[in-house]
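A look at the structure
The lines below spell out each chain.
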Amino acid sequence: MCGIVGFVGRKEASPILVEGLSKLEYRGYDSAGVAILEDGEIKVKKYKGRLKNLEENLNENPLKGHIGIGHTRWATHGEPSDINSHPHSNGDVTISVVHNGIIENYIKLKEWLKTKGYTFCSDTDTEVIPNLVDYYYKGDLFEAVTKATSKMEGSYAIGVISKEEPDKIVAVRKDSPLIVGVGEGEYFIASDIPAVLNHTREVYLLEDKEFVILTKDGVEIKTEDGEKIDKEIYHVTWDVDAAEKGGYEDFMLKEIHEQPKAIKDTLTSRVLKDTKVQLDDINLTKEELENFDRVFIVACGTAYHAGLVGKTIIEKLAKIPVEVDIASEFRYRDPLITEKSLLIVVSQSGETADTLAVLRDAKKTGAKVIAITNVVGSSVSREAHHVLYTWAGPEIAVASTKAYETQLIAMYILGIYFGELKGTLNKEVSEELKEELLILPDKVKEILDKKDELQKYASKNYMDKDLFFLGRGLDYAVALEGSLKLKEISYIHSEAYAGGELKHGPIALIEKGTPVIALLTEDKLKDKMISNIREVVTRGARVLAIANEGDKDAKEVCDDVIYIPRTNSLLTPVLSVVPLQLISYYMAKQKGCDVDKPRNLAKSVTVE
Ligand code: F6R
């Protein structure tokens, strides 16, 4: 749940580490620190709060040196504080470590190290690592790190420096992401590619338990036993601008505006008119597909909401029963998953701990797994049997927008692919869906142009304490996503209800002036939904409808209407979510919230 970086080269390490950390703040931002080898000694600076605290301090009292490690934290063990911030060191600061992950057996290790005379000053699990490395250090840092990690249970990506070997960083990962950047005479480690992109496009995507030794002369990758590993370099093709704000006020606004491109990129070469859907990394046979008696879609948060839409799509197009569940619930409810099941995990980051655990448990039962993910080389992409990448590009804002849109697109692609393979989808319907999918990017652009209307609604309502979202069918799935977006970035309390559920309790919450956003895009459920809207209007609610272009009824019953372009009814979620994202964004901005980094949240939840 943190970001780590490391640098070895001829330049000053400190500004490079800070710049790298700024690209990783999405992984956590409650404290930050660096450790630099300065004149043969390890010097550490680490502070609670945003990265700028560290940066300001380094500007006033610079650390000089060409090798260093850095960390941006999202607290798990021990509250955010200077002491609990990383890097952590052994008592006499001969070894320093940055760590992303959780050492599950740290209490046992700590007690054991105490019996050997070691002392501890923080509440973190991480502090055992430099002490363990110290215990095993007999003149070879690589060997000491391999011995220390062999005792560690849990997840980790670590970077280690030692004053005894002041020319190197030793790093390794297990169940937490880590890449190595290869520059000219300079080398980097980082939790994610954007942290090194200003310096190099050549990276190694490390696998679990691959140890790397970085010096200014190069990078060696080795197994635990010291055997050399030859690894292919991965060339990053996307631009560094793709990970920066590009003129927008916030990453979230930029990412909302990138949705037309993200949708187009995700469709490209997969969905073409008059051609069956082609997928590079999924090669199921008709027999294999027919053998599945059930599909499970499992994910967390926004990705789960995309799964809810996926259920309707796959059941309708491929006629296979689909269950959707939240990963943290699914993994502990003894699900009836067998070798006849197909599991689809959905994860933007590909590193979400609960989703990854479900994937691993499912594989043990013999189930087949498809991963829908946005991050090439992420854990879910490597461990699943098949992968469908969403090509949304890096998503930096904590609140997911373009990744959600592309997860929806992935669901349509899979639904059509399954339907065509099984023969449950007739050509006419499939062609109509493909044609509509291909023009969705332009329709999303039309909604983005309604910015002024949405901003106006937001400025009228941003002081509200509660807001309710209503919808039926696919509109209900989108209502859930709209409600999550609003609460996570604007801190306005909100709930989403299925229209038909209102009378079973929630309508008691409606009183004069209660704001309601009603989704009204499902043609076949429209009359029912209009009745539900009337029920809340009668009790004093102020209703904004999201409705299909030309829908006069919406105008008659609701106070305000935002129209979205018409499309095939199965595809409306891709359009109807966009005004909800923008309303949340503008409400949060009006309230003065930090939309890119909402309180208490981290982008990538790599711990349970
Ligand atoms: C909400 C949001 C989260 C993520 C969830 C899963 O805007 O971004 O709810 O969707 O943490 O993350 P991934 O998709 O990386 O598994």
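Residues numbered from 1 in each chain as written. Predicted model: local features only at pLDDT ≥ 70, side-chain atom pairs only at ≥ 80, totals over all residues. Heavy atoms only, no water.

**As for helix α19 (residues 572-590)**
Counted only if it meets this: Here a helix means four or more residues in a row that DSSP labels H or I, a strand means two or more in a row labelled E, and each is numbered from the N terminus. The span expected for a helix works out to 1.5 Å for each residue beyond the first. Accessibility here uses a 1.4 Å probe with only protein chains present; expressed as a share of the type maximum, an area under 20% marks a residue as buried, one over 50% as exposed, and anything in between as partly exposed.
In this model, α19 (19 residues) spans 28 Å end to end at C-alpha, consistent with the 27 Å of a helix rising 1.5 Å per residue. Within α19, 17 of the 19 residues are buried, which leaves the element mostly enclosed by the surrounding structure. Phi for G592, located one or two positions after α19, is positive at around 80°.

**Here's the deal with the environment of A75**
The criterion, for reference: Any two residues whose heavy atoms approach within 4.5 Å at even a single point are treated as in contact.
Take A75: it is sitting in the loop between β4 (67-73) and β5 (88-89). Since its relative accessible area comes to 21%, A75 is described here as partly exposed. A C-alpha to C-alpha distance of 8.2 Å links A75 and C2, two positions 73 residues apart in sequence. Setting aside residues no more than four positions away along its own chain, A75 makes contact with D30 and P80.

**What about the UniProt feature "active site" (unreviewed entry) in the protein?**
What counts here: UniProt positions are given in the numbering used here, feature names are shortened, and annotations may be inferred rather than shown by experiment. Computed over the protein atoms alone on a 1 Å grid, cavities are sets of points where a 1.4 Å probe fits but cannot get out and pockets are open sets with protein on both sides within 12 Å along at least five of seven lines; a residue lines them when it has an atom within 4 Å of a point.
Under the present numbering, the feature "active site" (unreviewed entry) in UniProt falls on C2 and K603. Across 602 residues in sequence, these annotated residues keep their C-alpha atoms within 9.7 Å of one another, forming a single compact spot. Of the annotated set, the members that line the largest cavity are C2. Looking at the secondary structure, you find C2 in the segment before β1 (3-8). Residue C2 is classed as buried on the basis of its relative accessible area, which comes to 7%. Excluding anything up to four places from it in sequence, C2 contacts R27, H71, T72, R73, W74, H99, N100 and S191. Assessed through its relative accessible area of 11%, K603 is described here as buried. Those residues within four positions of K603 in sequence are excluded, and the remaining contacts are Y26, Q348, E395, I396, A397, V398, A399 and S400.

**Here's the deal with a negative patch on the surface**
Note the following rule: Exposure above 30% relative accessible area and no salt bridge define the residues that can form patches, which grow by joining like charges within 9 Å and nonpolar side chains of Val, Leu, Ile, Met, Phe, Trp and Tyr within 5 Å. For accessible areas, the Shrake-Rupley method is used with a probe of radius 1.4 Å. Any residue's cover is judged against the shown protein chains and nothing else. Any carboxyl oxygen of Asp or Glu within 4 Å of a side-chain nitrogen of Lys or Arg constitutes a salt bridge here. Positive charges are assigned to Lys and Arg, negative charges to Asp and Glu, while His and the chain termini are left out of the count. The atoms used to mark charge sites are NZ of Lys, CZ of Arg, CG of Asp and CD of Glu.
On the surface, D274, E428, E432 and E435 cluster together into a patch of negative charge. Looking at the secondary structure, you find E432 in helix α14 (residues 427-448). Among the residues examined, E432 registers a relative accessible area of 44% and is labelled partly exposed.

**What to know about the pairing of strand β7 (residues 154-162)**
Test applied: At least two bridges found by DSSP between two strands are what make those strands a pair.
Where burial is concerned, most of β7 is hidden: nine out of the nine residues are buried. Burial along β7 is two-sided: G154, Y156, I158, V160 and S162 facing one way and S155, A157, G159 and I161 facing the other are all buried. In this structure, strand β6 (residues 95-103) lies alongside β7, joined through nine bridges in antiparallel fashion. Counterpart to H99 in the pairing with β7 is I158. When β7 meets strand β8 (residues 169-174), the two strands line up antiparallel, connected through four bridges. Paired with A157 across the strands is R173, a residue of β8. In this antiparallel pair of consecutive strands, β7 and β8, the connection spans six residues.

**A short note on the site of the ligand**
The following threshold applies: Whether a residue is near a molecule or strand depends on its heavy atoms: it is near if one of them lies within 4 Å of it. For the purposes of these results, a polar contact is taken to be a pair of N or O atoms within 3.5 Å, where, inside protein, one atom must be able to donate a hydrogen and its partner to accept one; residues adjacent in sequence count only when each atom of the pair is a side-chain atom. Whether a molecule lies in a cavity or pocket depends on its atoms, and more than half of them have to be within 2 Å of the grid points.
Around the ligand, a shell composed of 13 residues is seen, among which S347, Q348, S349, T352 and E488 lie nearest. At a separation of 3.3 Å, an oxygen atom of the ligand approaches a polar backbone atom of V398. With respect to the ligand, the backbone of S400 contributes an N or O atom lying 2.8 Å from an oxygen atom. Within the complex, 90% of the 400 Å² of free accessible area of the ligand lies under protein. The cavity where the ligand resides is the second largest pocket.

**A few points about the packing of aromatic side chains**
Each pair of aromatic rings is reported with the distance of its centres and the angle of its planes. Stated formally: What counts as a ring pair is set by centres within 6.5 Å for rings of Phe, Tyr and Trp (its six-membered ring), and what kind of pair is set by the plane angle: stacked under 30 degrees, edge-to-face over 60, tilted for all other angles.
For the structure on display, the rule yields nine aromatic pairs. Ring centres of W112 and Y135 lie 4.9 Å apart, and the angle between their planes is 70°; on these two criteria the pair is classed as edge-to-face. Taken together, the positions of W112 in helix α3 (residues 106-115) and Y135 in helix α4 (residues 128-136) put the pair 23 residues apart, joining distant regions of the chain. According to the relative accessible area criterion, Y135 is partly exposed, its value standing at 27%. Summarising the aromatic geometry, the rings of Y417 and F418 are spaced 6.0 Å apart at their centres and angled 50° between planes, so their arrangement reads as tilted. Both residues of the pair, Y417 and F418, count as buried. By way of ring pairs, the aromatic residues W112, Y135 and Y136 are connected into one cluster.

**Details of the state of the cysteines**
Threshold: Here, the term disulfide refers to a pair of cysteine sulfur atoms separated by no more than 2.5 Å.
Applying the stated criterion across every chain, the model contains zero disulfides. Counting only cysteine sulfurs, C2 is the nearest neighbor of C121, a cysteine outside any disulfide, at a range of 17 Å. Look at C121 and you get exposed, because its relative accessible area is 58%.

**As for the environment of N461**
Looking at the element boundaries, N461 is found in helix α15 (residues 451-461). Relative accessible area serves as the criterion here: at 2%, N461 is assigned to the buried category. Placed 126 residues apart in sequence, N461 and M587 show a C-alpha to C-alpha distance of 7.4 Å. Apart from residues lying up to four places away in sequence, N461 is in contact with P515, R542 and M587.

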